[in-house]
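Spelled out from the first residue to the last, the chains are:
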2 protein chains.
Amino acid sequence: MVTVIFEPDGRRAKAQARESLLSIAQRVGISVRSECGGKGTCGKCRLQVSPKSAVIPPTPSEQKHFTREEVQMGYRLACQTLVTGNSDVQVVVPPESRITKRRLQIEGIANPVALRPTVHSVLLSVPPVDPAHPVADDERLIEELRKHHRGKMGSLTVPLFIQRKIPEMIRIALGQVTVTLWNKRTILDVTAGDSRDDLYGVALDIGTSKLVASLHSLVTGRSLAVAGLENPQIRHGEDIMSRLSFAAADPASRAVLQNLVVDSVNLLLSRLAKEASISLERVYELVVVGNTVMTGLFLGLNTKYLGYGPFTAPARGPFDVSSHTLNLSLPPQANVHVLPCIAGYVGADALADILATRLHRRRRISLLIDIGTNSEVVLGNRDKLTACSCAAGPAFEGAQIEHGMKAVTGAIERVTIQPDSLEVKVETVDNQPPIGICGSGVVDTVAQLAEVGLITPQGRFKEHSTPKLVHDQRGKRFVLVEGKPEKNQPAITISEQDISQLLLAKAAIQTGYKLVLDHHQLSPTDLDKVYIAGAFGTYLNPASARRLGLIPPVPSNRVTFVGNAALAGARLALLSRTHRSQAARLAKTIHFLDLARHPEFNRTYTSSLFLPKEG
Amino acid sequence: MVTVIFEPDGRRAKAQARESLLSIAQRVGISVRSECGGKGTCGKCRLQVSPKSAVIPPTPSEQKHFTREEVQMGYRLACQTLVTGNSDVQVVVPPESRITKRRLQIEGIANPVALRPTVHSVLLSVPPVDPAHPVADDERLIEELRKHHRGKMGSLTVPLFIQRKIPEMIRIALGQVTVTLWNKRTILDVTAGDSRDDLYGVALDIGTSKLVASLHSLVTGRSLAVAGLENPQIRHGEDIMSRLSFAAADPASRAVLQNLVVDSVNLLLSRLAKEASISLERVYELVVVGNTVMTGLFLGLNTKYLGYGPFTAPARGPFDVSSHTLNLSLPPQANVHVLPCIAGYVGADALADILATRLHRRRRISLLIDIGTNSEVVLGNRDKLTACSCAAGPAFEGAQIEHGMKAVTGAIERVTIQPDSLEVKVETVDNQPPIGICGSGVVDTVAQLAEVGLITPQGRFKEHSTPKLVHDQRGKRFVLVEGKPEKNQPAITISEQDISQLLLAKAAIQTGYKLVLDHHQLSPTDLDKVYIAGAFGTYLNPASARRLGLIPPVPSNRVTFVGNAALAGARLALLSRTHRSQAARLAKTIHFLDLARHPEFNRTYTSSLFLPKEG
């Protein structure tokens, strides 16, 4: 056993020979980026190690990611580097390798909604036993419940957990009990006294990168608290495919991912309760949306075959599951409602987007683009809706971009390039010194490079004499921020390779909206509204997005950024049975356009790899 | 820490100062009788201890149970005797203090039944995903299921446990799966390949003293195995009231009793599966009967208020609970059906008795007496049934009788006394040397004593010169088996006190059948059939029972011993939905006669304390 010290945290860990630095770091709670899930391909888990003899020599995959100088300085990839066990080791985790607190796009659009929750509470007065007619405890309660509803109740389910509580509860407050019901047919709880006003529900969006939840009174409908958290499954891969492959290994790995998300949900729930000063004991419904992989892992479904074509969901849903089945810190019989998915890669989150933007209610045609690691496109109106999934990849999250990073402190998020001087102005998240560039910064950069005429429609640099354009052994690159060799800070640049990655990602989305428009025999001019959903979208400069072709060429006043529309849709399904049953119907009726099998896919995708001509 | 050695077993245990010998014995698996649950009142946990200094001095309650000689010889009550911790101690556990393997009355009457189980299996062929229409895994399965039932299916529940299995199961045997359904509306399991013929169910009677279960094929209806086991809750009191008081202390104590019975059920299940060479993985239903306390503890219900008047059940039932909720070793979604109770002390076992004896189907009047620690009496026909509960106490189980014991090896179960010589002939269980007398032996003895004119109708010994009748400081007693002082074997006797205990118990039952007959305005001559149910009943000599008034004066050919009718009724409810729904209806329609509140109770009970005049 040797000691590993992580700096600048000063965190110490005991480790055995042949354990990787990534694994040791994760074990002691040091969050190191790992977009590829530990395969040595993404190059994001850079660390500086000393002494070098305390770890195995660099692997071939590491040699690709580092210069000779960097290797000399002890730079390594955490996932590839195993401790030898010969001596203790000091490890410096640089800021760019950390998963830090990032901006969470929490609020989606707010929709007024007529409150019609599935959960309601009634106050009953259960009489004591009449010795002449000693009716069982549960039957006396149920009789009062039926009287209260004047016979308008069908068959009633009283779960065993509730049966166990009834005898005590009806004897505490002189028989006065609050009975909480789900859909007027299942008793969720029986508590002594009058607590009808304390009745809450939570809407939750489980994103690949983050979890966001909001707490609501089910009596007033009011939003009482909002909280967000990184999805801790990121340790096992930043994108869906890495996690699917991790989960597919065996049921234990699947359980690892399930437990990670369940623990986070419990943490979110406790934060919400604390913020709103309420008890989780009175939160009786949790409405969940997310892509099919995220909701599947949350429910512990077998997601294995979602990783192979034709990418079928294990189950469509909607699901109604008791809280105790998922080990949530809610009352054991609280209902967890997971909205249905539309197809394997068009999940409950896309359905929630539709609910929130009301595409299914409008006469005019709208286009919805939810930009994320996995992006969805939905087109149509109340007569017909078509959805497709676009494998844009994590480029918008900063992955596969040399100096890319998420929208965390120090990330460049806005870029302007002066047409003549080519002077670069950058804005960073939290106005901190720049350490990398996030998705909206990359989109801005490429749009600006096109605008000032520095790149061709194919995304290649034109010949130019500016010193901003450098050419080294890795090819051509544009310098956004000069390096400071004395501080060992490299320059932040955009390479042709980076531009190419961005164009691949935007081509995926562009292909999506082009083909759904074709499918409806419509053109961009037919679009009444274009909704951009997703956290990334919020920071996007619409002019830059349009310049690249990431969104169709429509006037700016038709473009609406709706932020986390998935959470907004979950909230509607929480507060209104009407919306919830609409969602269930929509999941079955929305047409799924399978781009992978579309005869025009290749042609459209290839043409989308270019920058549009206009501008 | 000192060492305690239990002889003749030779079992050693480490113990701390102030632990009781009863607790130490239970800890190491030495089963010591404890009818009163460790209160020092029943006097059954007799042990011989040496050296006496290794334990605390005899308590006042022990001094009542032992003669001075016995105290001198180191006799103690295990529950009262705490080790001092000063020295090791040797403890001899005499045979009469042991809970040994007892006779289990396993089989009830067999009824032919038209097989209509709630569980059935179908074989489906689930097609692979059509890439042109990538339907979710569960929906492809459900579609085939609906096709198979030609649309004659309502809404369907697919529990999460099953959802988690579907993707793998439909891909193993080229899509061929066996789907097991409950009531055509809940999927209990999905397994690969054709296993339709392997479909089983278990009927279970949880008695206060014993558990008995039978395994059945749900395809042929055949009985495949039967097994029985002592109820291990006996450690916490032999009668219902002791256990209720133990359970009422806190939820943890209730959990102790629940876990004991659940562990025993799992043991029974594994024995059944082994005997029939089947897998428990294919046992999809367990139908349970028992008195309200036993079924309540099994389900983990709050039985606290069953211990106080007016003795209301926490819930009536029927209950349908998933196996995993109770930690049973069946498939997680296997259904556990607990038949409803009729009233607080007329449980699902009495209802099952009715199903088995068909009282509710007959035109003519029948009387059913289920004799146990808690006895039930049911009277009537298809037009009206009345049930009552008789607190007969555990006298028929040998408790409260000085030399009483259960019907285990060495118990006297048959007694004849020659009219003139007063010579006594005894028969024992397993024909072993007599060590005590069980319930049927006590009934025989008292009936024979009445027959030969040795006792008055009040149960008092008449003056007689026979040496069999002795008179010591504890009063008069009749010697059944002479003692052997050289072997330290005391005589086995029946005292006036014992006769009085028996008459109290029989008076409870006699009061029951008299008052239900009165309620129906009927007399014994109106009875077409008298059914005697319960293990005790089976060993009962009907002539002796009639002589005492334990059963009404009807000709022998109208008396039928039906043994464990409760199990037979559970089996009917397992094999036939018709019987199960009849049971649910009966539970609500049977009239419950509350003897404790009956205006004639005291008068009838007092008059029943005598032996009937006839004979």
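Fair warning: this is a prediction, and the values are worked out from it, not measured in the lab.

(A) Quick look at the interface of chain B and chain A. Each partner contributes to the interface: chain B provides 32 residues, whereas chain A provides 32 residues. Counting residues per element, the ones that place at least two in the side of chain B that touches chain A are α4 (137-148) and α5 (160-172) of chain B. Here the residues of the side of chain B that touches chain A are counted per class, giving 17 nonpolar, six polar and nine charged.

(B) Quick peek at the domain arrangement of chain A. All names here are of chain A. When cut into domains, chain A gives domain 1 (2-97), domain 2 (119-192), domain 3 (202-338), domain 4 (358-394 + 503-608) and domain 5 (402-494). Distance between the C-alpha centres of domain 3 and domain 4: 24 Å. At the junction of the two partners, domain 3 supplies 20 residues and domain 4 supplies 15 residues. At the level of elements, β9 (200-206), β10 (210-217) and β12 (283-290) are the ones that each hand at least two residues to the side of domain 3 that touches domain 4.

(C) View of the relation of the copies chain B and chain A. Each copy superposes on the other: chain B lies on chain A with an RMSD of 0.2 Å after a rotation of 180° and an axial shift of 0.1 Å. Both copies are brought into coincidence by an operation consistent with a two-fold rotation axis. Residues of chain B ranked by C-alpha distance from the rotation axis are headed by Thr325 of chain B, positioned 4.9 Å from it. Interface overlap between copies is the fraction of interface residues in one copy that are interface residues in the other; for chain B against chain A it reaches 100%, indicating a shared surface.

(D) Quick look at the pairing of strand β15 (residues 366-370) of chain A. Residue and element names in this part refer to chain A. In terms of residue burial, β15 counts as a mostly covered element, since five of its five residues are buried. The alternating pattern of β15 places Ser366, Leu368 and Asp370 on one face and Leu367 and Ile369 on the opposite face, and all of these are buried. Count of turn residues in the β15/strand β16 (residues 375-380) antiparallel hairpin: four residues.

(E) Fine view of α5 of chain B. All names here are of chain B. Along α5, the sharpest kink reaches roughly 40°, centred on Ile166 and followed within four residues by the proline Pro167. Within the span of α5, buried status applies to Ile162, Gln163, Lys165, Ile166, Pro167, Met169 and Ile170. In this structure, the buried side of α5 is in contact with α4, β7 (176-182) and β8 (186-192). Following α5 by one or two positions, Leu174 adopts a phi angle in the positive range, close to 55°.

(F) Main features of the sheet that holds strand β21 (residues 469-472) of chain B. Residues and elements named next belong to chain B. One open sheet holds the three strands; their spatial order is β21-β22-β23, and the pairing between them is antiparallel. A single partner strand is all that each edge strand has here, and the edge strands are β21 and β23 (492-495). Within the sheet, the average angular offset between the axes of one strand and its neighbour, ignoring direction, is 40°. Bridge analysis of strand β22 (residues 475-481) against β23 gives four bridges, and the strand direction is antiparallel. Across the sheet, Val481 pairs through a bridge with Ile492, a residue of β23. Lying on the sheet, helix α11 (residues 496-519) is in contact with β22 and β23; it crosses β23 at an angle near 65°.

(G) A look at the confidence of the model for chain A. Residues and elements named next belong to chain A. Here chain A shows a mean pLDDT of 90. Residues at 70 or above account for 97%. Predicted confidence for residues 101-107 stays below pLDDT 50, and this span has 20 contacts to residues more than four positions away or in other chains. Confidence estimates for the predicted assembly give a pTM of 0.81 and an ipTM of 0.79.

(H) Just the sheet that holds β16 of chain A, in detail. Residues and elements named next belong to chain A. The strand order β25-β24-β15-β16-β17-β26 describes an open sheet built from six strands, whose pairing is mixed. Both edges of this open sheet fall to β25 (559-563) and β26 (591-592), since each of them pairs with a single strand only. Where strand β17 (residues 385-390) and β26 come together, two bridges link them in parallel fashion. For Ala387, the partnering residue across the bridge sits in β26 and is Phe592. Across the sheet, helix α12 (residues 496-519) touches β15, β16 and β17, and the angle it forms with β17 is around 160°.

(I) Quick peek at the packing of helix α7 (residues 240-248) of chain A against helix α8 (residues 251-276) of chain A. Residue and element names in this part refer to chain A. Between α7 and α8, whose axes approach to 6 Å, the crossing angle comes to 130°. As summarised for this structure, α7 and α8 are arranged oblique, according to the angle between their axes. Contacts from Arg243, Phe246 and Ala247 in α7 reach Ser253, Arg254 and Leu257 in α8. Of the residues contributing to the contact of α7 with α8, the split by class is three nonpolar, one polar and two charged.

(J) Representation of unusual backbone geometry within the structure. Residue Pro310 of chain B is reached from Gly309 of chain B by a cis peptide bond, and omega for that bond is 0°. Cis geometry marks the peptide bond from Gly317 of chain B to Pro318 of chain B; its omega dihedral reads 0°. Summarising the element assignment, Pro318 of chain B is placed in the loop between α8 (292-299) and β13 (319-322). With a phi close to 55°, Ser277 of chain A is a non-glycine residue in the positive phi region. With respect to the helices, strands and loops of the structure, Ser277 of chain A is situated in the loop between α8 and β12. The phi dihedral of Leu422 of chain A is positive, around 60°, even though this residue is not glycine. Of note, Leu422 of chain A is situated in the loop between β18 (411-417) and β19 (424-428).

Reading the values: the criteria
Residues numbered from 1 in each chain as written. Chains lettered and ligands numbered in written order. Predicted model: local features only at pLDDT ≥ 70, side-chain atom pairs only at ≥ 80, totals over all residues. Contact = placed C-beta atoms within 7 Å. Helix = DSSP H or I, 4+ residues; strand = E, 2+ residues; numbered from the N terminus. Nonpolar A, V, L, I, M, F, W, Y, C, P; charged D, E, K, R; others polar. Domains from an automatic or database assignment. Least-squares fit on C-alpha atoms with pLDDT ≥ 70 in both. Buried ≥ 20, exposed ≤ 12 C-beta atoms within 10 Å, placed from the backbone. Pairing = 2+ DSSP bridges. Bend = angle between axes of the 7 residues up to and from the residue. Axes fitted to C-alpha atoms, helices over the stretch in contact; angles between N-to-C directions. pLDDT = per-residue confidence, 0-100. Parallel < 35°, antiparallel > 145°, perpendicular 65-115°, else oblique.

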